Amino acid sequence: MSLTFSCFASLSQQLPSQVHARSSSSGGLEKVKNLITRTGIPSTITSPLDSLQKGNWVKLICGASFEDVVDIRNLSLVYTLAGVDCIDCAAEASVVNAVNDGIEAARGIIPIRRPWVMISVNDNEDLHFRKAEFDPDDCPTDCSRPCENVCPADAISHSGKAGVSKGGVLAERCYGCGRCLPICPYDKIRAVTYIRDVDATAQLLKQDGVDAIEIHTSGRQAESFQQLWNGLGDSIDKLRLVAVSLPDMGELTVPAMNSMYVTMKVNLRCLNLWQLDGRPMSGDIGRGATREAIKFALHLASTRDKPKGFLQLAGGTNAHTVEGLKRERLFQTTSISEKLNGGERALNSFEPSHALISGVAFGGYARKIVGRVLRSLQSEHGYARLEDCPRHLVDAVTQALALVGTVKCYNER
Ligand code: SF4
Ligand code: SF4
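Cut-offs and rules
- Residues numbered from 1 in each chain as written.
- Chains lettered and ligands numbered in written order.
- Predicted model: local features only at pLDDT ≥ 70, side-chain atom pairs only at ≥ 80, totals over all residues.
- Heavy atoms only, no water.
- Phe/Tyr/Trp six-rings, centres within 6.5 Å; stacked < 30°, edge-to-face > 60°.
- Helix = DSSP H or I, 4+ residues; strand = E, 2+ residues; numbered from the N terminus.
- Buried < 20%, exposed > 50% of the residue type's maximum accessible area, 1.4 Å probe, protein only.
- Lys NZ or Arg CZ within 6 Å of the ring centre and 35° of its normal.
- Pairing = 2+ DSSP bridges.
- Axes fitted to C-alpha atoms, helices over the stretch in contact; angles between N-to-C directions.
- Contact = heavy atoms within 4.5 Å.
- Near = heavy atom within 4 Å.
- Nonpolar A, V, L, I, M, F, W, Y, C, P; charged D, E, K, R; others polar.
- Arc of directions from axis to C-beta.
- Salt bridge = Lys/Arg side-chain N within 4 Å of Asp/Glu carboxyl O.
- Right-handed = clockwise from strand over helix to strand, strands pointing away.
- Core = buried A, V, L, I, M, F, W, Y, C linked by side-chain atoms within 4.5 Å.

Colleague: Whenever I open this one, the packing of aromatic side chains confuses me. Can you help?
Modeller: Here the distance between the centres and the angle between the planes together describe a pair of aromatic rings. This structure, assessed with the given rule, holds two aromatic pairs. For the ring pair phenylalanine 129 and tyrosine 194, a centre distance of 5.9 Å and an interplane angle of 75 degrees mean the geometry is edge-to-face. Placement of the pair is phenylalanine 129 in the loop between strand S3 (116-122) and strand S4 (130-133) and tyrosine 194 in the loop between strand S7 (190-193) and helix H9 (198-206), with a sequence separation of 65 residues. When its relative accessible area of 0% is taken as the criterion, phenylalanine 129 is described as buried. We classify tyrosine 194 as partly exposed; its relative accessible area is 22%. Taking NZ or CZ as reference, arginine 367 lies 5.8 Å from the ring centre of phenylalanine 66, over its face. Over the face of the ring belonging to tyrosine 175 we find arginine 367, whose NZ or CZ atom lies 4.4 Å from the ring centre.

And the structure:
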């Protein structure tokens, strides 16, 4: 059973007296404020639009299928304090509420500008929109449970919750990375894919607290994309940004982007962005996971005739992504040189004053580094609001600042 945000609210409402007794809240929050003030974030942070133009845009990806509202609320709090420009989450009202609650909690600590909230949907089957499933009653009792160890989201539990579940995959935590599927020696785990309902998405977009949408597509099925776009109708009119997330299809990439842009531009009244999805859901695996996103960025940056729109990396992104962009001379630059027969010519961004690559989205890696702190918070205090446990909040913000700072360059100012 999914843990809803109202469950979280009632859980946290039950906790305050215990939590405040354990923490010197005002002293701890002062430490957080000091930490954040020392980095200079409040005075130097740019608006999301400025960030896109300057090339220091950072998006937190909570996960298109990740629906644990307790973690999502705390992640949103931490990464808002760290200065992200956008928080991308599942297209579910309870998840959107959790994101906005985390943002407002952060703004209650320091008067930081609000990041945009983006919901993610798919036009067809997509790796980001699936859940693993198995029946623990079918598992041999002597299985060493490699599935539990491999799961990066702590989404597999054999203990279950008394009277609630008998264990297996915790659906709200599974984000579909697929790592458990091949590791089961008895082939007991299956993946269940789904497509977000377009009418429900259109309703959600009309609510306050949603600023952007991201459409995940393979880029190969123009008809599915068109159907989804038509189904969204006038719900996109109030948005600030429409993003399309797509894989590198080599020579087919730019023609697919142009075809989707033709579909969108008829009624696109806001900014648009192309999310270059290198190696999906792998940033937490290690340094090399970011290579494909860098390669994709280089391919797009050096391609003429692409449609209008900001370019942003995702898929395998981590603390090494900016190093890779710098190596390719793609970081916060407005043009790169193209080698011709015996000469060179500049390839510019779609607007000469805009950065060629607008920024980076961090998903699994961002959740992993802060997730360690959230697990510690949970084991010490049960489900709790992070700001009620200042020591944990400082730890989490320190981790987040180090990652977001690779793009925002806080320490270089
Ligand atoms: S390993 Fe990945 S797919 Fe399997 S349960 Fe965990 S998050 Fe879900
Ligand atoms: S690895 Fe397979 S058989 Fe073993 S506990 Fe996990 S799902 Fe069950």
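Colleague: Would you mind showing me how to read the sheet that holds strand S11 (residues 310-314) here?
Modeller: Adjacent strands of a sheet pair through backbone hydrogen bonds, lying either parallel or antiparallel. Within the closed barrel, the eight strands sit side by side as S1-S2-S3-S8-S9-S10-S11-S14. Their pairing is parallel. Across the sheet, the mean angle separating the axes of adjacent strands is 25 degrees when strand polarity is ignored. Relative to strand S2 (residues 86-90), strand S1 (residues 57-61) runs parallel, the two sharing three bridges. For leucine 60, the partnering residue across the bridge sits in S2 and is isoleucine 87. Along the sheet, helix H10 (residues 222-232) contacts S3, strand S8 (212-216) and strand S9 (241-247); its crossing angle with S8, the most-contacted strand, is approximately 160 degrees. The sheet strands contacting helix H12 (residues 291-301) are S9, strand S10 (271-277) and S11, and the helix crosses S11 at an angle near 165 degrees.

Colleague: What should I look at first to understand the site of ligand 2 in this one?
Modeller: Among the 13 residues in the neighbourhood of ligand 2, the closest are listed as Cys139, Cys143, Cys147, His158 and Cys184. Considering only residue class, the shell around ligand 2 consists of 10 nonpolar, one polar and two charged.

Colleague: Explanation requested: H10 in the structure shown.
Modeller: In an α-helix, one turn spans 3.6 residues; hence positions three or four apart end up facing the same way. Turning to H10, its buried residues are Ser224, Phe225, Leu228, Trp229 and Leu232. Projected down its long axis, H10 shows its buried positions confined to an angular sector of 130 degrees, all on one face. Residues Glu223 and Gln227 are exposed on H10 and point more than 90 degrees away from its buried face. Those residues of H10 that are buried lie in contact with S3, H9, S8, S9 and helix H11 (253-265). Looking one or two residues past H10, glycine 233 carries a phi angle of roughly 50 degrees, positive in sign.

Colleague: Sorry if this is basic, but what is going on with the site of ligand 1 here?
Modeller: Ala132, Cys151, Pro152, Ile156, Cys174, Tyr175, Gly176, Cys177, Gly178 and Cys180 make up every residue found near ligand 1. Within the shell around ligand 1, the residues separate by chemical class into eight nonpolar, two polar and no charged.

Colleague: Explanation requested: the environment of proline 280 in the structure shown.
Modeller: Tracing the sequence through the fold places proline 280 in the loop between S10 and H12. Each C-alpha atom, one on proline 280 and one on glycine 316, is 6.0 Å from the other, the two residues being 36 residues apart in sequence. Once residues lying within four places of it in the same chain are set aside, the contact partners of proline 280 are His128 and Gly315.

Colleague: What is the right way to read the pattern of salt bridges from this model?
Modeller: Note on pairing: side chains with opposite charge can pair once their charged atoms come close. With the rule as written, the count across this model stands at 23 salt bridges. Across the pair aspartate 71 and arginine 375 runs a salt bridge whose closest N-O atoms are separated by 3.0 Å. With aspartate 71 in helix H6 (residues 69-81) and arginine 375 in helix H14 (residues 364-381), this residue pair connects regions lying 304 residues apart in the sequence. We classify arginine 375 as partly exposed; its relative accessible area is 23%. The salt bridge partner of aspartate 237 is arginine 269, with a shortest N-O separation of 2.8 Å.

Colleague: Help me understand the pairing of S9 in this model?
Modeller: One face of the sheet, then the other: side chains in a regular strand alternate in exactly this way. Of all seven residues in S9, six are buried; the element is thus mostly enclosed. Pairing geometry for S8 and S9, over five bridges, is parallel. Following the sheet pairing, glutamate 214 is matched in S9 by alanine 243. Crossover connection from S8 via H10 to parallel S9: handedness right-handed. The pairing of S9 with S10 spans seven bridges and is parallel. Bridged to valine 244 within S10 is tryptophan 274.

Colleague: I'm lost on H12 in this one. Help?
Modeller: Listing the buried residues of H12 in full gives Ala293, Ile294, Phe296, Ala297, Leu300 and Ala301. For H12, the buried positions fall inside an angular range of 160 degrees around the axis, keeping them on one side. More than 90 degrees from the buried face of H12, the exposed residues found are Arg291 and Lys295.

Colleague: Teacher, can you tell me more about the nonpolar core here?
Modeller: Grouped burial of nonpolar side chains is what soluble globular proteins tend to show. Grouped together as the largest cluster of nonpolar side chains are 109 residues, with contacts concentrated most on Val78, Tyr79, Leu81, Ile119, Trp274, Val370 and Leu393. Considering every element that reaches this core, the biggest residue donor is helix H15 (residues 390-408), with nine residues. Dropping the residues within four chain positions of it, valine 370 is found in contact with Leu75, Val78, Tyr79, Ala396, Gln399 and Ala400. Within the second largest apolar cluster, 10 residues are counted, among which are Leu52, Trp57, Trp116 and Phe310.

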